[in-house]
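# Notes for the structure review
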Protein chains: 2
Amino acid sequence: MQAHASRQPRTLFLDTHDVARLIGILGLPACLRGLVDTLRADYLRWPEFDKEARIAAYTAQGTIELMPITDGTHYSFKCVNGHPGNGRYGLPTVMAMGALLDCDTGMIRLLSELTLSTALRTAAMSALAAQVLARRDSHSMALIGNGAQSDFQALAFACLLGVRDLRLYDVDRSASERLARNLAAAELPGRALSVRICESTAQAVRGADIVTTVTAFQGQTRVLDDSLVEPGMHLNAVGGDCPGKTELDPDILRRADVFVEFPPQTRKEGEVQQMAADFPVTELWRVLAGDAPGRARADQVTLFDSVGFALEDYSALRFLQAQAQARQVGTWVDVTPGQADPRDLYGWLQGELQGLAALAL
Amino acid sequence: MQAHASRQPRTLFLDTHDVARLIGILGLPACLRGLVDTLRADYLRWPEFDKEARIAAYTAQGTIELMPITDGTHYSFKCVNGHPGNGRYGLPTVMAMGALLDCDTGMIRLLSELTLSTALRTAAMSALAAQVLARRDSHSMALIGNGAQSDFQALAFACLLGVRDLRLYDVDRSASERLARNLAAAELPGRALSVRICESTAQAVRGADIVTTVTAFQGQTRVLDDSLVEPGMHLNAVGGDCPGKTELDPDILRRADVFVEFPPQTRKEGEVQQMAADFPVTELWRVLAGDAPGRARADQVTLFDSVGFALEDYSALRFLQAQAQARQVGTWVDVTPGQADPRDLYGWLQGELQGLAALAL
Ligand SMILES: NC(=O)c1ccc[n+]([C@@H]2O[C@H](COP(=O)([O-])OP(=O)(O)OC[C@H]3O[C@@H](n4cnc5c(N)ncnc54)[C@H](O)[C@@H]3O)[C@@H](O)[C@H]2O)c1
Ligand SMILES: NC(=O)c1ccc[n+]([C@@H]2O[C@H](COP(=O)([O-])OP(=O)(O)OC[C@H]3O[C@@H](n4cnc5c(N)ncnc54)[C@H](O)[C@@H]3O)[C@@H](O)[C@H]2O)c1
């Protein structure tokens, strides 16, 4: 990178340290709250968005997906992977980056890491859904799958839903121990968290108000069996998010009221991929808008069949952009040449080369 | 950006100055040759790629497109816009960025500007097509539309096809004057270029061996009328590249043999969008592979109906990656957190925050 010409149209770049710093400045609870507010505001503008199911490339090891969306003013996309076997390379299961562009000109305004941001927005989205779907008096949550996303799910439900009793289960006990250690050290506003590591999913789920499944496994598993689901529970199913990858016993779907982000995508990728194409689902935005009921009865089983939708990354990118600019976090980079005459790209290149030649003298 | 932990999986970042520097190190002719070689090698692997038409968002002012592709080992995407009215904001019509990922892990290896790279790869692709489609004795080219792409088209045909007689036409004469100035100053191997600014498309095209159209206009125009097309000409139609945006009189398509990149995309976006869905086209990769004839007769009219396909950006990104690593150009950035335990994203975040707090003391 080198000093830039004055006309250069510049792009704000947030690397993973910048996003960490922003979270540090705001504090994680405020960050989650800010994201929930942004998500709610954007979901309430649902009809304004040009939406499509994400575009995925599937390989034996995992998936790589592109998630574009636009409201005609801003355009965003995320590029994200899901590779459950990445641990053997010392790499996370999920990694992501994305960008925010102006629709008027196509100019790239923001280029950002989205790995931390995905963990945050996914947890914020789960909390937003639970606010309208879980029982008001919910205070206990079973958390099945204790990997990278799970800390953020736990903290979002603690900060935003008043959950204070967490029961952890993971097939790998060291994952639960890791999570329990982090939660013990987390400073949370209000009452302390009670955290218990369980020996089985059944033990974790019994009597819980909310059940969050956030496991990574390539294939159809039954992380949660229908026999474990009790009346009044809210299920937050986060891990099943691509074709051939589900977490729930299909009997659960028959019993629960199912809420989804964007049906054309969820029918391919979510738990409802196990059901017929006309299986009834409710779009979450309609509940937020007051157009459709969320939870109607205390004994109803509600299910948020989360897969992650492009709008959530749009919200995250807009939130990051606003916060980073207000707090002067990030670096300005040149991903667009800065020719004075827009047609003179070649002339700009020649100017750069002359500048470099002069430097070399 | 800040100093990184040792385990951080890093991403090579090439901004527009880095790509300019690479072009400077290699020299533009060698760069174009290297790209043509990479494009040919990748087009010969055509069946290995998982291909799809690009995903576009259309607004009143222009288009924003995502172009993904993978061969199962590497995954690439480009994000590119086309906004013919951008000049009024002092911005180029076309701007782009993209990335290269490992399929095994989803790790982002390269993040790069692709504005310069698009101009180069488009010109290299046009030259590659002309090598099998234009008459061997071609030495004159009409260049209609003298904007940002045109200098690179002119130089690619001069360096790689032996074109030495260029006739320029643009509705805006100052665009042609700009291009002529740049071409007069360009140092080219071999014989000098003769460059003439013409008063009309007809004047530029008359007697030319090759006609390149590379105009930007939102809508269906007839940059080239059938009456101007002479037997034996090769037409390189670059500007018409999205639905509702074409450059050629449909009568030309009926008369010419039409060669395309990826038919499902070109039938939507190329000149052939004006024809029926079963209009005969030949996939260029078949010609390169020797499976289909290119030019068969001296009096045949050949047309490369170029729209720009994801494979070309894959090739450009792979070429940039190899060259940048060999010459140590670019910056290593952290778009992926570097937690030692892949599941401990939250722990990594806490470590970052403690590091920042220590710095602030
Ligand atoms: N819905 C969304 O918006 C969204 C967003 C991000 C990630 N995800 C998905 O969430 C999942 C988890 O992501 P992560 O980053 O935490 O992955 P991770 O690999 O860090 O953690 C997954 C954990 O699940 C555990 N596990 C696997 N099978 C299990 C089972 N049957 N019972 C209990 N535990 C089990 C593993 O041992 C591991 O600890 C992934 O599948 C990912 O694709 C969804
Ligand atoms: N096929 C591909 O792979 C590919 C790649 C890049 C760009 N493109 C397309 O190429 C076109 C040109 O791109 P650019 O970056 O050079 O744009 P630009 O805006 O810099 O230049 C376009 C030029 O065309 C001229 N023009 C417009 N209408 C004309 C007409 N009827 N006759 C003669 N000249 C006319 C304009 O005056 C302008 O000088 C765009 O439409 C772009 O989308 C295609």
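For the structure, check the block above.
All of the points below concern the structure found in this document.

Conventions used here
- Residues numbered from 1 in each chain as written.
- Chains lettered and ligands numbered in written order.
- Predicted model: local features only at pLDDT ≥ 70, side-chain atom pairs only at ≥ 80, totals over all residues.
- Heavy atoms only, no water.
- Buried < 20%, exposed > 50% of the residue type's maximum accessible area, 1.4 Å probe, protein only.
- Helix = DSSP H or I, 4+ residues; strand = E, 2+ residues; numbered from the N terminus.
- Polar contact = N/O pair within 3.5 Å; in protein donor to acceptor, adjacent residues only side chain to side chain.
- Near = heavy atom within 4 Å.
- Areas by Shrake-Rupley, 256 points an atom, 1.4 Å probe, with all protein chains shown as cover.
- Nonpolar A, V, L, I, M, F, W, Y, C, P; charged D, E, K, R; others polar.
- Pairing = 2+ DSSP bridges.
- Axes fitted to C-alpha atoms, helices over the stretch in contact; angles between N-to-C directions.
- Contact = heavy atoms within 4.5 Å.
- Least-squares fit on C-alpha atoms with pLDDT ≥ 70 in both.
- Buried area = accessible area lost by both parts, 1.4 Å probe.
- Salt bridge = Lys/Arg side-chain N within 4 Å of Asp/Glu carboxyl O.

## Some remarks on helix H1 (residues 16–26) of chain A
All names here are of chain A.
- What H1 keeps buried is the set Thr16, His17, Asp18, Val19, Ala20, Leu22 and Ile23.
- The distance from a side-chain oxygen at the start of H1 to the backbone nitrogen of His17 is 3.0 Å, and the residue carrying that oxygen is Asp15.
- Just downstream of H1, Gly27 is the residue with a positive phi angle, here 85 degrees.

## Side note on the site of ligand 2
- Taken together, 27 residues lie around ligand 2, and Thr93(B), Asp170(B), Asp241(B), Lys245(B) and Ser306(B) are the ones closest in.
- At the site occupied by ligand 2, nearby residues are drawn from chains A and B.
- At 3.4 Å from a nitrogen atom of ligand 2 is found a main-chain nitrogen or oxygen belonging to Val171(B).
- Taking Thr215(B), its main chain carries an N or O atom lying 3.1 Å from an oxygen atom of ligand 2.
- Taken by itself ligand 2 offers 870 Å² of open surface, and the protein chains cover 91% of this.
- No other element matches the 3 residues that helix H3 (residues 115–133) of chain B contributes to the shell around ligand 2.
- Looking at side-chain class alone, the shell around ligand 2 contains 11 nonpolar, 10 polar and 6 charged residues.

## Re the sheet that holds strand E17 (residues 331–333) of chain B
All names here are of chain B.
- Here we have 7 strands laid out as an open sheet, ordered E2-E3-E4-E5-E6-E1-E17, and mixed in their pairing. If you trace the sheet from one side to the other, it starts and ends with strand E2 (55–58) and E17, each paired once. The average angle at which neighbouring strand axes cross in this sheet is 15 degrees, direction not considered.
- Relative to strand E6 (residues 108–113), strand E1 (residues 11–14) runs parallel, the two sharing 3 bridges. What sits directly across from Phe13, in E6, is Leu111.
- Against the sheet, H3 engages strand E3 (63–70), strand E4 (74–82), strand E5 (96–102) and E6, with an angle of about 85 degrees to E6.

## Considerations on the relation of the copies chain A and chain B
- Here chain A sits on chain B after a turn of 180 degrees about the axis and a move of 0.0 Å along it, with an RMSD of 0.0 Å. What the rotation and shift describe, once combined, is the action of a two-fold rotation axis.

## Some details on the interface of chain A and chain B
- The partner chain B presents 83 residues to the 83 residues of chain A that form the contact.
- Between chain A and chain B the total buried area reaches about 7,200 Å² when both faces are included, carbon and sulfur atoms providing 71% of it.
- Inspection of the chain A/chain B interface yields 4 salt bridges.
- We note a salt bridge from Arg178(A) to Asp344(B), for which the minimum N-O separation is 2.8 Å.
- Where chain A packs against chain B, one counts 21 residue pairs in polar contact (both at pLDDT 80 or more).
- Here the side of chain A that touches chain B gets 8 residues from one element, more than from any other, and that element is helix H11 (residues 345–360) of chain A.

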